[in-house]
There are 2 protein chains.
Amino acid sequence: MRDVAAAAGVSLKTVSRVVNGEDFVRPDTAERVHSAIARLGFQRNDLARTLRGGGRTRSIGLIIEDVANPFYSQIARGVEDVARAGGRLVISGSSDEDPARELLLIRSLCERRVDGLLIVPSETGDPRLRAELIAGTPAVFLDRPPGPGGPADTEPRNDTVPPNDTVLIDNVGGARTAVEHLLAHGHRRIACLVDLPEIFTARQRHQGYLEALAANGVPADPTLVRTGRHDVRGAGHAMTELLALPDPPTAVFAGNNLLTVGALRAIGAAGTRVALVGFDDFELADLLATPVTVVAHEPADMGRQAAHLLEARIRGDARPPARILLPTRLIVRGSGEIPPSQG
Amino acid sequence: MRDVAAAAGVSLKTVSRVVNGEDFVRPDTAERVHSAIARLGFQRNDLARTLRGGGRTRSIGLIIEDVANPFYSQIARGVEDVARAGGRLVISGSSDEDPARELLLIRSLCERRVDGLLIVPSETGDPRLRAELIAGTPAVFLDRPPGPGGPADTEPRNDTVPPNDTVLIDNVGGARTAVEHLLAHGHRRIACLVDLPEIFTARQRHQGYLEALAANGVPADPTLVRTGRHDVRGAGHAMTELLALPDPPTAVFAGNNLLTVGALRAIGAAGTRVALVGFDDFELADLLATPVTVVAHEPADMGRQAAHLLEARIRGDARPPARILLPTRLIVRGSGEIPPSQG
DNA sequence: GTCGTCTATGACAACGTTGTCAAAGCACCC
DNA sequence: GGGTGCTTTGACAACGTTGTCATAGACGAC
């Protein structure tokens, strides 16, 4: 900018005025400045601008588990759309469920003075460390609450962690719906594939599964529950084991999109006909050999709602923390309506 | 930092030394500073740090078409992994193939002084405007070259635009392989679904289709080629039209993941048996009613390679621009091996 | 005692902006 | 002629860091 000022024969401040389109610059002066800018290829330095203004960086941080997972990339898209409307860019990072990586991302983002943070918290670290880092930066949590949460609480205990806005899916209700759908089709031996027990959504969906059984007087068989599967391969192995049981399940509830895919692969490989309802919708679910019945929701909408809450906080909204619970809906496609086979 | 210095009873510079782990600070002084930092919750301001250092922001910009498209989110993941290794964060934005949006993103990112840019260029804007904006910032292009490119050139003309590193897929070769596979299975009436003709990859894949036909002495029938389809729905309509022709195709080559899905939907709805080979692999392609034969490649690898090139440029590499062509491979799954029906 | 060397600390400028304030120039009016 | 108000411009400080240089004290060697 100094160079532009020199080239145009004006002061720094005048260049600043022109760049920012302020009033009270004579048209011919502005013209001289503009041509100097074009000649020198000047671009305003936003860092200095933010520093001086004491102000906003017009960016927000987004921490998810893995951007390559469609669930998270849809969230990212929703977030981006709202951020864009607010004139902000999104700096995103994948934590891979690694608390150290998550803390490092949070620290980097806060040191860069993002205007706010959107976090899908990893669940294996100490929430207080995280809380300490984000102190002072508006933050909204997605998909999982920031605190430890009880083993299967709908309202997790947040005593140790300051409360934040949180946007969740109705995991318990969705899982219950899925399992009740299978029960309604005559199944009694229903398997349950869920993610790592540390993960809030896994616990909640497991709870929904148990509630549905209990509410319908079906005894829960622990051998049919496989927790701790975090990827397609793990889910596939678990499903293969389940199908090899002496008294195998006639139906499965799969706790997320990756686990559903794993289960489908294993079922396909075994050549068995097993009913399946999955949590999370996914592309092409309707075109599979047996179209897949799922508990669907809108990840992009979760991203949008969280970004809106964050936007409000950034603007100074001081209302008590909100907790939004997004609905799910059952999409009936075929796999969930397979009747129990006579084992 | 000023407050920390005051609280610890030392100078600004000493706090700076402690924060940056420099030598020549007495342990007890460092301890006083650390406790003041903890007490006040101080976090270093990275903006000021970068400004003063005249240095790197340790961030790179990534401009893709749509992060919600798995093709691009896999690229994003590859980019992120390499950026992370280089200690950088990724600021990403979706251009939605809108040149105005793309320019705005580029401008924002450059003004934020990202260390470099990774761009999947939109093709409907003026490449010179883009070139002007990125002047001075290292940039690498992904999936498409920055210049206009000839209507079907393998090596596009870049006369008007300064050359940059570019990482492309072997679109012509991949498309050729796909179509030759169909020809080898006896098909002569092979339809071709491709994206907007402005888009480089669409032109190249179209060209590969034509080359395969020509090389095998099969006359090209223009009524079997549908260009300008940019989403699932558009591809579905086109496919439905093709199937309704008096002399319908017995096979289809679908030019990308979205078009493949659209074609599959239309074929499923029509209940016809038509051979299909798609460009881009996708999750569950193997589990569909008829598993889908595809021309596969590694989007994450494209992201990684581009990010590596960018990293080198940021470090000052001044070699002439590289052009990397990533290989494709045909994955045979069933849909491409359906024989021609007796129409 | 004096010099040199090394450790530990601080003062100050600078990075590239913009907000504040002052001032110069001009037109207008009494 | 002098006051008033408006437009246009610029000087300067400040944002929060860190690099450069200076200084003060401790220690050992001569």
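Residues numbered from 1 in each chain as written. Chains lettered and ligands numbered in written order. Predicted model: local features only at pLDDT ≥ 70, side-chain atom pairs only at ≥ 80, totals over all residues. Heavy atoms only, no water.

Engineer: Help me out: how do you make sense of the sheet that holds strand β3 (residues 116-119) of chain B in this one?
Structural biologist: By definition, the strands of a sheet pair up through backbone hydrogen bonds, in either a parallel or an antiparallel sense. With respect to topology, 12 strands assemble into an open sheet ordered β11(A)-β5(A)-β4(A)-β3(A)-β1(A)-β2(A)-β2(B)-β1(B)-β3(B)-β4(B)-β5(B)-β11(B), the strand pairing being mixed. Only two strands of the sheet have a single neighbouring strand rather than two, namely β11 (323-326) of chain A together with β11 (323-326) of chain B. Strand-to-strand twist across the sheet, computed as the mean angle between neighbouring axes with direction ignored, equals 20°. Of the pairings in the sheet, the one linking strand β5 (residues 165-169) of chain A to β11(A) comprises four bridges and is parallel in character. When the sheet's bridge partners are listed, Val167(A) is paired in β11(A) with Ile324(A). (Pairing = 2+ DSSP bridges. Helix = DSSP H or I, 4+ residues; strand = E, 2+ residues; numbered from the N terminus. Axes fitted to C-alpha atoms, helices over the stretch in contact; angles between N-to-C directions.)

Engineer: Would you mind showing me how to read the packing of helix α4 (residues 46-53) of chain A against helix α4 (residues 46-53) of chain B here?
Structural biologist: When two helices pack together, their arrangement is given by the angle between the helix axes and by the axis-to-axis distance. At their nearest, the axes of α4(A) and α4(B) sit 9 Å apart, and the two run at 125° to each other. By the angle class used here, α4(A) and α4(B) are oblique. The chirality of how α4(A) crosses α4(B) is left-handed. Across from Leu47(A), Ala48(A), Thr50(A) and Leu51(A) in α4(A), the residues of α4(B) making contact are Leu47(B), Ala48(B), Thr50(B) and Leu51(B). In terms of residue class, the contact of α4(A) with α4(B) is built from six nonpolar, two polar and no charged. (Parallel < 35°, antiparallel > 145°, perpendicular 65-115°, else oblique. Left-handed = near helix turned anticlockwise from the far one by under 90°. Contact = heavy atoms within 4.5 Å. Nonpolar A, V, L, I, M, F, W, Y, C, P; charged D, E, K, R; others polar.)

Engineer: What's the story with the UniProt feature "domain: HTH lacI-type" (unreviewed entry) in chain A in this structure? I'm lost.
Structural biologist: The feature "domain: HTH lacI-type" (unreviewed entry), as annotated in UniProt, sits at residues 1-53 of chain A in this numbering. Annotated as residues 1-53 of chain A, this span is 70% helix and 0% strand, and its ends, taken at the C-alpha atoms, are 17 Å apart. (UniProt positions renumbered as here; feature names shortened; annotations may be inferred.)

Engineer: Looking at this structure, how should I read the interface of chain A and chain B?
Structural biologist: One frequent convention defines the size of an interface as the accessible area lost when the parts assemble. The interface is formed by 46 residues belonging to chain A together with 46 residues belonging to chain B. Between chain A and chain B, the buried area comes to about 4,500 Å², and carbon and sulfur atoms account for 53% of it. Across the chain A-chain B interface, the total number found is 14 salt bridges. A salt bridge links Glu80(A) to Arg101(B); its shortest N-O distance comes to 3.5 Å. Counting residues per element, the ones that place at least two in the side of chain A that touches chain B are α4, α5 (70-85), β2 (89-94), α6 (99-111) and α11 (257-270) of chain A. (Buried area = accessible area lost by both parts, 1.4 Å probe. Salt bridge = Lys/Arg side-chain N within 4 Å of Asp/Glu carboxyl O.)

Engineer: Explain the protein's contact with DNA strand C to me, please; I cannot follow it from the model alone.
Structural biologist: The environment of DNA strand C is made up of 25 residues, and the closest members are Met1(A), Arg52(A), Thr14(B), Arg17(B) and Thr29(B). Counting only the atoms of DNA strand C that lie within 4 Å of the protein, the sugar and phosphate share comes to 61%. The backbone of Ser11(B) places a nitrogen or oxygen atom 2.8 Å from a phosphate oxygen of DNA strand C. Contributions of two or more residues to the surface near DNA strand C are made by α2 (12-19) and α4 of chain A together with α2 (12-19) and α4 of chain B. Residue composition of the surface near DNA strand C, by class: eight nonpolar, eight polar and nine charged. (Near = heavy atom within 4 Å. Polar contact = N/O pair within 3.5 Å; in protein donor to acceptor, adjacent residues only side chain to side chain.)

Engineer: Any chance you could explain the relation of the copies chain A and chain B here in plain terms?
Structural biologist: Put simply, the two copies of the chain differ by a rotation about an axis and a shift along that axis. By a simple turn and slide, chain A fits onto chain B: the slide is 0.0 Å along the axis, the RMSD is 0.0 Å, and the turn is 180°. Put plainly, the chains are arranged around a two-fold axis. Mapped onto chain B, 100% of the interface residues of chain A again fall at the interface, so both copies present the same surface. (Least-squares fit on C-alpha atoms with pLDDT ≥ 70 in both.)

Engineer: In this structure, what is going on with the packing of aromatic side chains? I would like to understand it.
Structural biologist: The geometry of two aromatic rings is summed up by the distance between their centres and the angle between their planes. All names here are of chain A. Taken as a whole and judged by the stated rule, the model has two aromatic pairs over all chains. Arranged with centres 4.9 Å apart and planes meeting at 65°, the rings of Phe-71 and Tyr-72 form a pair that is edge-to-face. Here the two residues Phe-71 and Tyr-72 agree in accessibility, since each one is buried. Taking NZ or CZ as reference, Arg-205 lies 3.8 Å from the ring centre of Phe-279, over its face. (Phe/Tyr/Trp six-rings, centres within 6.5 Å; stacked < 30°, edge-to-face > 60°. Buried < 20%, exposed > 50% of the residue type's maximum accessible area, 1.4 Å probe, protein only. Lys NZ or Arg CZ within 6 Å of the ring centre and 35° of its normal.)

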